[in-house]
Amino acid sequence: MEDCLLSYKTAWMVAVAVAVYYVIRWCLLQVTVGDYDRKYVFVTGCDSGFGKLLAKRLDSLGFQVFAGCLTEKGVTDLQASSSESLKAILLDVTNPEDIAKAVKLVEEIIPPDAGLWSLVNNAGVIGPLGFPDCFTRDHYEKVLAVNMYGVIDMTNAFLPLLRVAQGRIINVASVLGRISIRTCIPYNISKHAVEAYSDGLRRSLRSQNVSVHILEPGLFRTELFNFDRILKNIYKDFEAAPARTQEYYGKKCLEDFTWVVKLMGFASTQFHKVVNTHVHAITAKYPKHRYLVGYDAHCYFWPLMYLPEWISDFCLNIEFVSPAGTRKKKND
Ligand SMILES: *[C@@H]1O[C@H](CO)[C@@H](O)[C@H](O)[C@H]1NC(C)=O
Ligand SMILES: *[C@@H]1O[C@H](CO)[C@@H](O)[C@H](O)[C@H]1NC(C)=O
């Protein structure tokens, strides 16, 4: 009886402690840094999607924004729809000359003692979808050039300025770094790389007072998902693959990809969630190390990460693509 009473009391104390922890945590998460108009932020990939929305939002919050755009059109469109203090810059993150030029321009504009408050490595490509043996090294290199080396080169280039401001780096990865989908391997590799890089970087820069934050959005239907282009490329890569590979998969199963791509059409369009998360990482006094964004990320991918492989493989392989080679086996 005595024991029972004690454990009852202990349970209450634990519950209260947990509640207090969450209340304090919530309160701390609401504290912001202030002085936005004296803070400089660089965002890459601002032609469309999250980058563009984020650049505009930061601009309206009063930040001094540098927005890297891949295309001339991106630069003019963004500049036309934002305030004068926003500087849209032509920037291909895979081009070292472009990066050097961007650093020079930023250094000319910001006061020497201000430094750069935040670097948001948002630029990314989805890369090819399809079968692993239809991808060549070239496919991987093209995706890594933007999604991995782009992030590393930008970070190296702007780190001196980030140190001056004791600022932060925000890297966009993808729903938890461990999940790979069978049709999207090059992209998944690049995002795993971003996770590994960001974790190491965060630990390394801690004593230098530069913090590193990882955003892990679920599936969002941004301009990265150009369905026609994705489908066209699946066919193109297939036709370039060795004859035996083509024979094994069979052209018919490519039609199944139409369904995979259509399924992606159901992805969230609540872009503001991702933008709000970026804003939190930039403005909060105590930002989180990792931000998971979106219902699918929380409710589907996150649990999958911690479940045994036999469950996660089963759940992630519910697709419609069935290679001719595997069908033949079954029919024999
Ligand atoms: C792998 O790719 C899929 C499909 O694009 C995506 O939903 C998932 O978040 C990716 N995972 C990682 C770690 O990049
Ligand atoms: C980092 O910040 C702390 C606390 O503000 C300060 O004491 C320390 O000197 C800073 N370190 C560097 C390398 O600037």
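Predicted model only: the values in this text are computed from it and were never measured. (Residues numbered from 1 in each chain as written. Chains lettered and ligands numbered in written order. Predicted model: local features only at pLDDT ≥ 70, side-chain atom pairs only at ≥ 80, totals over all residues. Heavy atoms only, no water.)

K.L.:
Tell me what's going on with the overall build of the protein, and back it up with residues and numbers.
P.N.:
Broken down by element type, the protein carries 13 helices and seven strands. Each of the three principal axes of the protein carries a C-alpha extent, and together these read 75 × 70 × 35 Å. Going through the 332 residues of the protein one by one, you find that 46% of them count as buried. Long-range contacts, defined here as pairs at least 24 residues apart, represent 71% of the contacts in the protein between residues at least 6 apart. For the protein, the accessible surface area stands at approximately 18,000 Å², while carbon and sulfur atoms represent 60% of it. (Helix = DSSP H or I, 4+ residues; strand = E, 2+ residues; numbered from the N terminus. Buried < 20%, exposed > 50% of the residue type's maximum accessible area, 1.4 Å probe, protein only. Contact = heavy atoms within 4.5 Å. Areas by Shrake-Rupley, 256 points an atom, 1.4 Å probe, with all protein chains shown as cover.)

K.L.:
Now, about empty space enclosed by the protein: what can you tell me, with residues and values included?
P.N.:
Tallied over the entire structure, the rule returns two cavities of 30 Å³ or more. Its boundaries defined by the atoms lining it, the largest cavity holds a volume of some 40 Å³. Here the residues of the lining of the largest cavity are counted per class, giving seven nonpolar, one polar and one charged. If you add up the space inside the second largest cavity, you get close to 30 Å³. What lines the second largest cavity is Thr44, Val93, Asn121, Asn122, Ala123, Val146, Gly150, Val151 and Met154. It is helix 5 (residues 137–165) that provides the largest number of residues to the lining of the second largest cavity, a total of four residues. Along the lines of polarity and charge, the residues of the lining of the second largest cavity split into five nonpolar, four polar and no charged. (1 Å grid on protein atoms, 1.4 Å probe; cavity = no way out; pocket = protein on both sides within 12 Å on 5 of 7 lines; lining within 4 Å. Points joined across faces, edges and corners; volume = space filled by probe spheres on them. Nonpolar A, V, L, I, M, F, W, Y, C, P; charged D, E, K, R; others polar.)

K.L.:
Any chance you could break down the nonpolar core for me, citing the residues and the numbers?
P.N.:
Of all hydrophobic cores here, the largest spans 30 residues; its most connected members are Phe42, Leu116, Met154, Phe158, Leu162 and Ile169. Of all the secondary structure elements, the ones that give two or more residues to this core are strand 1 (40–43), helix 4 (96–109), helix 5, helix 6 (185–205) and strand 6 (211–217). Here this core takes seven residues from helix 5, the largest share from any one element. The residues touching leucine 162, leaving out its near neighbours within four places in the chain, are Leu116, Trp117, Ser118, Leu119, Gly167, Arg168, Ile169 and Val210. Counting residues in hydrophobic clusters, the runner-up holds 29 residues, among them Tyr36, Ala67, Trp117 and Phe271. (Core = buried A, V, L, I, M, F, W, Y, C linked by side-chain atoms within 4.5 Å.)

K.L.:
Help me get a handle on the site of ligand 2, residues and values and all.
P.N.:
Neighbouring ligand 2 are Gln166, Ser207 and Asn209. Between ligand 2 and glutamine 166 there is a distance of 3.0 Å, counted from an oxygen atom to a side-chain nitrogen or oxygen. One of the side-chain N or O atoms of asparagine 209 is found 2.2 Å from an oxygen atom in ligand 2. Protein chains bury 27% of the 360 Å² of accessible surface belonging to ligand 2 in isolation. (Near = heavy atom within 4 Å. Polar contact = N/O pair within 3.5 Å; in protein donor to acceptor, adjacent residues only side chain to side chain.)

K.L.:
Give me the sheet that holds strand 4 (residues 118–121): which residues, what numbers.
P.N.:
Strand order in the open sheet formed by seven strands is 3-2-1-4-5-6-7, and the pairing between neighbours is parallel. The sheet terminates laterally at strand 3 (87–90) and strand 7 (290–293), the two strands that pair on one side only. Ignoring which end each strand starts from, the neighbouring axes of this sheet average 15° apart. As defined by bridge partners, strand 1 adjoins strand 4 across three bridges and the pair is classed as parallel. What sits directly across from phenylalanine 42, in strand 4, is leucine 119. Packing against the sheet, helix 5 makes contact with strand 1, strand 4 and strand 5 (168–172), and its axis sits at approximately 175° to strand 4. (Pairing = 2+ DSSP bridges. Axes fitted to C-alpha atoms, helices over the stretch in contact; angles between N-to-C directions.)

K.L.:
I'd like a rundown of the packing of helix 7 (residues 227–240) against helix 9 (residues 252–264), residues and numbers included.
P.N.:
When two helices pack together, their arrangement is given by the angle between the helix axes and by the axis-to-axis distance. In contact at an axis separation of 10 Å, helix 7 and helix 9 are set at 150° when each is read in the N-to-C sense. Here helix 7 is positioned roughly antiparallel relative to helix 9, judged by the angle of their axes. Seen from above, helix 7 lies across helix 9 with right-handed handedness. Residue-level inspection shows Phe227, Ile230, Leu231, Ile234, Tyr235 and Phe238 of helix 7 in contact with helix 9, the latter providing Leu254, Glu255, Phe257, Thr258, Val261 and Met264. Of the residues belonging to the contact of helix 7 with helix 9, the class tally is ten nonpolar, one polar and one charged. (Parallel < 35°, antiparallel > 145°, perpendicular 65-115°, else oblique. Left-handed = near helix turned anticlockwise from the far one by under 90°.)

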